[in-house]
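Chains, contacts and geometry: an overview
Next come the chains, spelled out residue by residue.
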Amino acid sequence: MRALRVLIIEDEALIALLFEEVLTEIGHHVCATEGTQAGAIAAAARCQPELIVSDVRLREGSGIEAVAAILTTGFVPHVFVSGNVIDRTTLSPAACTLQKPFDERQLIAAIARAIDPANVLVGVRHAESLRQS
């Protein structure tokens, strides 16, 4: 797996640190960590992430809405993380999900699914179809 620029969207500091530690250990570069919807959108514009790991619910806004706004400028592979059951009907067909609690192996597997070329193609096609609508 090549090194990617990763945006973490997580409002719980300890969980954000866990993400950053694991992502760094496996060779990725965390370009930003944000805890709000608005901060995440601004950070994505600044650092142009190649992967997003996002909590679903944030104290200020929604991880799902932040990622949806980011995807309007082009597809970025992403993993949603939540302690609750995630309603997949509200997500992009290329979204990968991970249920809390999780271990490092499960996070790595979710990232691998998100950046799999077949999954990225689904995401790119979906993003294109939304822009044409």
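All residue numbers here refer to positions counted from 1 along the written sequence of the relevant chain. Residues qualify for local features only when their pLDDT is at least 70, as the model is predicted, and side-chain atom pairs are given and counted only at 80 or more; totals for whole chains, interfaces and linings, by contrast, use all residues. Here the side-chain values reflect all heavy atoms present in the structure, with hydrogen atoms and water set aside.

Some points on the pairing of strand β4 (residues 78-82)
Exposed residues in this analysis have more than 50% of their type's maximum accessible area, buried residues have under 20%, and partly exposed residues fall in between, with area computed by a 1.4 Å probe over protein chains only. Secondary structure counts use DSSP, requiring at least four H or I residues in a row for a helix and at least two E residues in a row for a strand, with both numbered from the N terminus. Of all five residues making up β4, five are buried, and the element is well covered by its neighbours. On β4, burial covers both faces: H78, F80 and S82 on one face and V79 and V81 on the other are all buried. When strand β3 (residues 51-55) meets β4, the two strands line up parallel, connected through four bridges. Opposite I52, over in β4, you have H78 as the bridge partner. The handedness of a crossover follows from its direction of travel: if, with the strands pointing away from the viewer, the path from the first strand over the helix to the second runs clockwise, the crossover is right-handed. Of the crossover connections in this fold, the one passing from β3 over helix α3 (residues 63-71) to the parallel β4 is right-handed. If DSSP finds at least two bridges between two strands, the strands pair.

Thoughts on α3
For an α-helix the count is 3.6 residues per turn, leaving residues at separations of three or four pointing the same way. By the burial criterion, the buried members of α3 are G63, I64, A66, V67, I70 and L71. For α3, the angular spread of the buried residues around the axis is 160°, confining them to a single face. Any pair of residues with heavy atoms lying within 4.5 Å of one another is described as a contacting pair. If you follow the buried residues of α3, they end up packed against β1 (5-9), α2 (37-47), β3, β4 and α5 (117-132). Relevant arc is that of directions from the helix axis to the C-beta atoms, nothing else.

Considering unusual backbone geometry
Residue P101 is reached from K100 by a cis peptide bond, and omega for that bond is -5°. Mapping P101 onto the fold places it in the loop between β5 (96-99) and α4 (104-115).

With respect to the state of the cysteines
In what follows, a disulfide is any cysteine sulfur pair within 2.5 Å. This model, assessed by the stated rule, comprises one disulfide. Through a disulfide, C31 is tied to C47; the S-S separation comes to 2.4 Å. One end of the pair, C31, is in strand β2 (residues 29-34); the other, C47, is in helix α2, with 16 residues separating them in the sequence. The exposure class assigned to C31 is partly exposed, which follows from its relative accessible area of 22%. What makes C47 buried here is its relative accessible area of 14%. The thiol of C96 is not disulfide-bonded; the next cysteine sulfur, from C31, is found 18 Å away. A relative accessible area of 7% places C96 in the buried class.

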